[in-house]
Structures are given as C-alpha cells and as structure tokens.
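So you can see what is in the structure, the chains are spelled out below.
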Amino acid sequence: MSSVPKLTLVLGGARSGKSRYAESLIATLPPPWLYVATAEAGDEEMKARISAHRARRSPDWRTIEAPRHLVAALQKAGTMPVLVDCVTLWLSNLMLAGIDIEAETAHLERALAAAAAPVVLVANEVGSGIVPEHPLGRKFRDLQGILNQRIAARADRVVLMVAGLPLALKGTLRESP
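Presented here is a report on the structure given in the accompanying data block. Here the residue numbering is sequential within each chain, running from 1 through the sequence in written order. Local features in this predicted model are restricted to residues whose pLDDT is 70 or higher, and side-chain atom pairs enter the listing and the counts only when it is 80 or higher, whereas totals over whole chains, interfaces and linings include all residues. Based on all heavy atoms of the structure, the side-chain values leave hydrogens and waters out of the count.

Overview of helix α4 (residues 87–97)
Working note: α-helix, 3.6 residues per turn, so residues spaced by three or four point in the same direction. As a reminder, the rule being used: The buried label applies to any residue whose accessible area, calculated with a 1.4 Å probe on protein chains only, is under 20% of its type's maximum; exposed applies above 50%, and partly exposed to all values in between. Each helix corresponds to a stretch of at least 4 residues labelled H or I by DSSP, and each strand to a stretch of at least 2 residues labelled E; elements are numbered beginning at the N terminus. Contacts were defined at the residue level, with two residues in contact if any of their heavy atoms lie within 4.5 Å.
Turning to α4, its buried residues are Val87, Thr88, Trp90, Leu91, Asn93, Leu94 and Met95. Summarising the contacts, the buried residues of α4 are in contact with α3 (70–76), β4 (82–85), α5 (101–114), β5 (119–124) and α6 (135–154). Once α4 ends, the next one or two residues include glycine 98, with phi positive near 70°.

Examining the environment of leucine 9
For leucine 9, the location among the structural elements is in strand β1 (residues 7–12). Taking the C-alpha atoms as reference, leucine 9 lies 8.7 Å from alanine 22; in sequence the two are 13 residues apart. Residues within four places of leucine 9 in sequence aside, it is in contact with Leu121, Ala123, Asn148, Ile151, Ala152, Ala155, Arg157, Val158 and Val159.

Considering the nonpolar core
One recurring pattern in soluble globular proteins is that nonpolar side chains are buried together. Using the following cut-off: Think of a nonpolar core as a cluster: buried Ala, Val, Leu, Ile, Met, Phe, Trp, Tyr and Cys residues, connected wherever their side-chain atoms sit within 4.5 Å.
Counting residues in hydrophobic clusters, the biggest one holds 30 residues, and the most contacted among them are Leu74, Val87, Leu108 and Leu121. Looking at this core, the element that brings in the most residues is α4, giving five residues. Aside from chain neighbours lying at most four places away, what touches valine 87 is Leu70, Leu121, Val122, Ala123, Gln144, Leu147 and Ile151.

So yeah, pure geometry; function would need other evidence.
Have a look at this one:
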C-alpha cells in the first residue's frame, strides 16, 4: 500500500524545506514522477533557484512548466504521481494576469478530485507575517490563505514544514525507512 495518500498539502515559510520534503514523498512511489513547476525565471535570482531545483531531481522526474495552466498539467499526468511546486506562485501568476481566481480554484479542485495518482502540492504559509502595506499584497495574502484552506479541506494529509521539520496537521507523517 502506498505511503502517499491521494492528496497531500505541504505548507511552510520561505526556506522551510517544503520542496525537498514534497519530493521525498513522491520519490517513495515507483517512477516516473511528474514535477509541475509554476515558477517563471523573471530574474537571475529566480533562474538560480529553478536551476538548483532541477539539479536536485533525478532523471526519473518529468517536468511540465505551468505558470498559469496548472489544471491542464494535472490532466496530462495520467497515472504518474505529481508534485506541484508551488500553488503560491501559480496564484500570484494568475493574479498578475488578471485571471478569475475563484474559477481557476474551482477548476483545480475538480482536477485534484479526478487525479488518477497521488498529488503533492507545495504552498507557502503567508498569513503568519506582518500585514502587507500595499493593497495588492493584502489581497494576495488573503487569497493564498483561502486557497490553502480549500486545498487543506480536501487533502488527506497536510504537513507544515518548520526549520526543515515536518509537522502533521492532518493525517500522519510518512514512516521513516
């Protein structure tokens, strides 16, 4: 029996170990695995981050870059286990493009329910910091909190990463080998 439930949400702050932990969950399943990347390399720092993520992954990973078309990428997965890194960047990409967040979130929820293999979603927990000064920042923080709640409600397992340590918020952590 798989140690990875149908839907897992991995939350945490910046550099909390979210991506590495999510990758380790998917890697307990037989390859190939699908990595859905939502980041866009808009500057040198982001290019370096993307390169570091790619270098860490083995050739067993297939990658789809989907900054805005997450549902289409999930539908292409078939029976491959999927890691989405991350829904926070997906949300900000949608906001900046003026796309209907509610409609896209509803499409995402339907796609997650229809997934044929386990899906692990990575998201930032952005509500624990200071209140953003700019209205767009406050809107983003609020929408991210709502998106996280909606995914967490559907998820079989929710893990909060703090300082590289996983904390089970819903469900159980995977067993150590």
